[in-house]
Every structure is written in structure tokens, then in C-alpha cells.
Amino acid sequence: MMQLAVTFATIVLSLALAAEASPIHADLSPSRRASDNGYCKQLLNTCAASPNALSNPWSVKACLFGASCFGGQRPVDNFLAAVASAKNASSAPASHNVPRVSQTVFNSISTNGKAITQQNFIDGVFGTLATTNGPFPDATFVIQDFSRLAEWTAFCNGQGIPSKNFADYYQFSATVNSPGCGGTVTSSARITTITLHPITTASTIRSPVTTITASPVPVPTGGVAEVSCSKMYDTCVAQANKAVSDAWSHPACLFAATCFGGQRPVDGLLSAVFGAKRNSGAAPTSVKETRLSTTTTKSISTDGKTVTQQNWIDGYYGLLSSLGGPFPTSASIVINDFDRVRGWTGFCKGGIPFKNLADYFQFSSSVSSNTSC
């Protein structure tokens, strides 16, 4: 794969000798999907607000993730063109001319400093969006974004994308067509500058930059923010410590983790809370988080041994009552959240023993369960 990266660089450098500036009217659609909940546009807005957005865009996580979800045939260069438009710049830099993704930025997304996995990427996107209080997409959208990077770099085995190849995508994908996980590398004409034309269509990004606000937490069903879940999330952000290492000592964080959206809701919640506290570096993961204590569990349980569906409902509504609401429109919302925990632990009747409940919050994001209810 190192050979593939060298091939990309060689092709681009050879094209540089003969290429001339090629003004284009970029496709400035913020996303290639109409139903992404506006998260891609929010990343664009956040990126454009940074003073480094055009001079060193990949030093800004919002720019990095925004370029991955952007639409058009050359999404990275199209994204830079849209950022330039939002900043009222007359031209935009081409991706092969801006500084590469640094190892420092890479390490802030990766958990091992060697590769960025799909889960690292999801955590990074949600953590970045948490700094603006959303909007948060369904994780399937982010998985699609990461898949495009994995396909172009040809790291399709699920082990993650190494730092050099990850940086290659942002520098060369607009000028080099990769065969993906098989085939021959080809290239397109090198683009050295983008001259922006007036933007007149409703689907494009206009300046000045505007901020999109949305409820912070998507619930599992449908990806639509539910008000009581948002309240639990906000309370968790307020109560957890700076490192978010004590999340499960706060019932609000427990309840928020069960109503949070995405394929790995527990880790998704931790990542979002970590980002909301404006931390840098890698977000905590549930396998390393301080385990749910008996003391916290007893505050929800009535028999001191298990947590039943009714315990969970009472605990959820009781906490919301102390916070002044808002309440779910139906108890079925809370029941569905608890059923997800039941399904993973395999305790489909009666209560969930303390140890198994703690297991859910520690391992459900990394260990698939074969049980269901």
C-alpha cells in the first residue's frame, strides 16, 4: 500500500509539469444526500469560521470531516471552493497545494496513532459536531463517508487507514482516480486554482456563514432528536468531569447512553460529551471507562440486585422531574431504550442483574451480542 501512495504522488508531480490553471464552476452542493440532517453543512460552516480554513484546512477537524461528506465529482476540492465562497474569497486553493494532514491531527482522531478506523472516524465526526450542539446524523451517513476514503486508499479490510494514506486522500483524491480495492490508477487533469462563479441556486452555500442549530442527541429510531433524551445529554455534559471518566456515576449519562443514536450508542455518547466539553485528543471509550458502580445502580433499583423495566422508567422520569422536564411523549420511548439493554444482556424477563447491566455500558460498543428479546 505504500507503493500505491508513491504512485499517486508520482502521477501528480508528473502532471504538474504540463498543467495550467483550470477555472471551473464547482458543484457546491454540501452533501451528496438530501436527508443527512444538515450535519455536512454544519461542518462546512464551522470550518469556514476558522482563520485556517483556506491556508491550512486539514488542521481543522470540521474541515477534514466536512470534505469527506461533500458532494460532486471532486468532493475535496468542491468543499474548499464552498469554504472560499462562504468566506467571500475570489478563488479557492486546490487540495494538492494545501498542507497535508499532520500527524498531530491524525493522532487526535486515531486511537493507536497508526490507523484511523471506521469507529475512530465516527467518534471524530460526532465529537466535532458536539462542539456546535449538532446536528447529528445517523451513523450510517458517516460510515458512507469513511467508506469513500477506505475505497480510494484501497484499505478495505476494516483495519483502518494508515496516516500517510489518509493524508493522501485529502491531497490527491481530487486529481487522481483510484481503482479502489482493485484495478489501475488513473488521473484527471490537475487543478491548480478554482475561480468561483456567482452562486444562484438554492442548493449551494451562501455567505456570510450561518450557524445551524439542532437538538443535540438523535434517538435510535429514525435519527430524530427526542426532547427528553436531549435533556439527559445536556445534564450529562454538565455533570461529567472534564475527562468524562466518571460518566456512569451520573444517572443522566446512563439514561443518555441508552437513548443515544448510532450503531454504538454508548461510545457515541461518550465521544459527544467529550467533544461538548471542548476537549482535544481521543475521546474515552466505554471499555476503558470507570465501570458502573453498585452505588449508582442501587439508586435506580428497588431490590438491590436487579434493575427492572419499571425501575428504569421510574428513574428516567424521576430524574427529569428533578430537572423540570421535558418528558417523553410516551413511556414506550423509555421502554424501547431499556429493551435495547435487555436484548444485549439477554435478560428479557424480570430485571437485569447489576453485573450484566454494567457489562452493557462497558462492552456493548465493542462486543456484539448473539441474544435478542
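Residues numbered from 1 in each chain as written. Predicted model: local features only at pLDDT ≥ 70, side-chain atom pairs only at ≥ 80, totals over all residues. Heavy atoms only, no water.

Asks: Sorry, what's going on with the side chain of Thr345 here?
Replies: Following the sequence through the fold, Thr345 ends up in helix α14 (residues 331-345). Polar contacts involving the side chain of Thr345 include one to the main-chain amide nitrogen of Phe347, which spans 3.4 Å. (Helix = DSSP H or I, 4+ residues; strand = E, 2+ residues; numbered from the N terminus. Polar contact = N/O pair within 3.5 Å; in protein donor to acceptor, adjacent residues only side chain to side chain.)

Asks: Explain the pattern of salt bridges to me, please; I cannot follow it from the model alone.
Replies: Opposite charge on two side chains permits them to pair, given that their charged atoms come into close proximity. Enumeration over the complete set of coordinates arrives at 5 salt bridges. Note that Asp168 and Arg100 form a salt bridge whose closest N and O atoms lie 2.9 Å from each other. Of this pair, Asp168 sits in helix α8 (residues 163-172) while Arg100 sits in the loop between β1 (91-93) and α5 (103-109), and the two are 68 residues apart along the sequence. Under the relative-accessibility criterion, Arg100 is labelled partly exposed at 31%. Lys355 is the salt-bridge partner of Asp359, the closest N and O atoms lying 3.7 Å from each other. With Asp359 and Lys355 both in helix α15 (residues 354-363), this residue pair falls 4 residues apart, about one helical turn. Residue classification places Asp359 among the buried positions, given a relative accessible area of 14%. The exposure class of Lys355 is exposed, given its relative accessible area of 57%. One connected set of salt bridges, linked through shared partners, spans Arg100, Lys164 and Asp168. (Salt bridge = Lys/Arg side-chain N within 4 Å of Asp/Glu carboxyl O. Buried < 20%, exposed > 50% of the residue type's maximum accessible area, 1.4 Å probe, protein only.)

Asks: Is there a simple way to explain the packing of aromatic side chains in this structure?
Replies: Scanning the entire structure with this criterion turns up 20 aromatic pairs. Between Trp152 and Tyr169 the ring centres are 5.8 Å apart and the planes differ by 80 degrees, which places this aromatic pair in the edge-to-face class. Taken together, the residues Trp152 in helix α7 (residues 139-153) and Tyr169 in helix α8 connect sequence positions 17 residues apart. Residue class for Tyr169 comes out buried when judged on its relative accessible area of 2%. These aromatic residues form a ring-pair network of at least three members: Trp58, Phe106, Trp152, Phe166, Tyr169 and Tyr170. (Phe/Tyr/Trp six-rings, centres within 6.5 Å; stacked < 30°, edge-to-face > 60°.)

Asks: In this structure, what is going on with the state of the cysteines? I would like to understand it.
Replies: Among covalent bonds in proteins, the disulfide is the one between the sulfur atoms of two cysteines. Within this structure, the stated rule accounts for 4 disulfides. Paired by a disulfide, Cys40 and Cys69 hold their sulfur atoms 2.0 Å apart. Classification of the bridge connecting Cys40 and Cys69 rests on its S-S torsion, roughly 95 degrees, and on that basis the disulfide is right-handed. Taken together, the positions of Cys40 in helix α2 (residues 39-48) and Cys69 in helix α3 (residues 61-69) put the pair 29 residues apart, joining distant regions of the chain. (Disulfide = S-S within 2.5 Å.)

Asks: I would appreciate a short explanation of the packing of helix α10 (residues 251-259) against helix α11 (residues 265-276) in the present structure.
Replies: In a packed pair of helices, the relevant descriptors are the angle between the two axes and the axis-to-axis distance. Packing of α10 against α11 brings their axes to within 7 Å, and their N-to-C directions diverge by 125 degrees. The pairing of α10 with α11 is recorded here as oblique in orientation. The two elements α10 and α11 cross, and the hand of that crossing is right-handed. On α11, the residues touching Cys253, Ala256 and Ala257 of α10 are Pro265, Val266 and Leu269. Among the residues making up the contact of α10 with α11, the classes are represented as 6 nonpolar, no polar and no charged. (Axes fitted to C-alpha atoms, helices over the stretch in contact; angles between N-to-C directions. Parallel < 35°, antiparallel > 145°, perpendicular 65-115°, else oblique. Left-handed = near helix turned anticlockwise from the far one by under 90°. Contact = heavy atoms within 4.5 Å. Nonpolar A, V, L, I, M, F, W, Y, C, P; charged D, E, K, R; others polar.)

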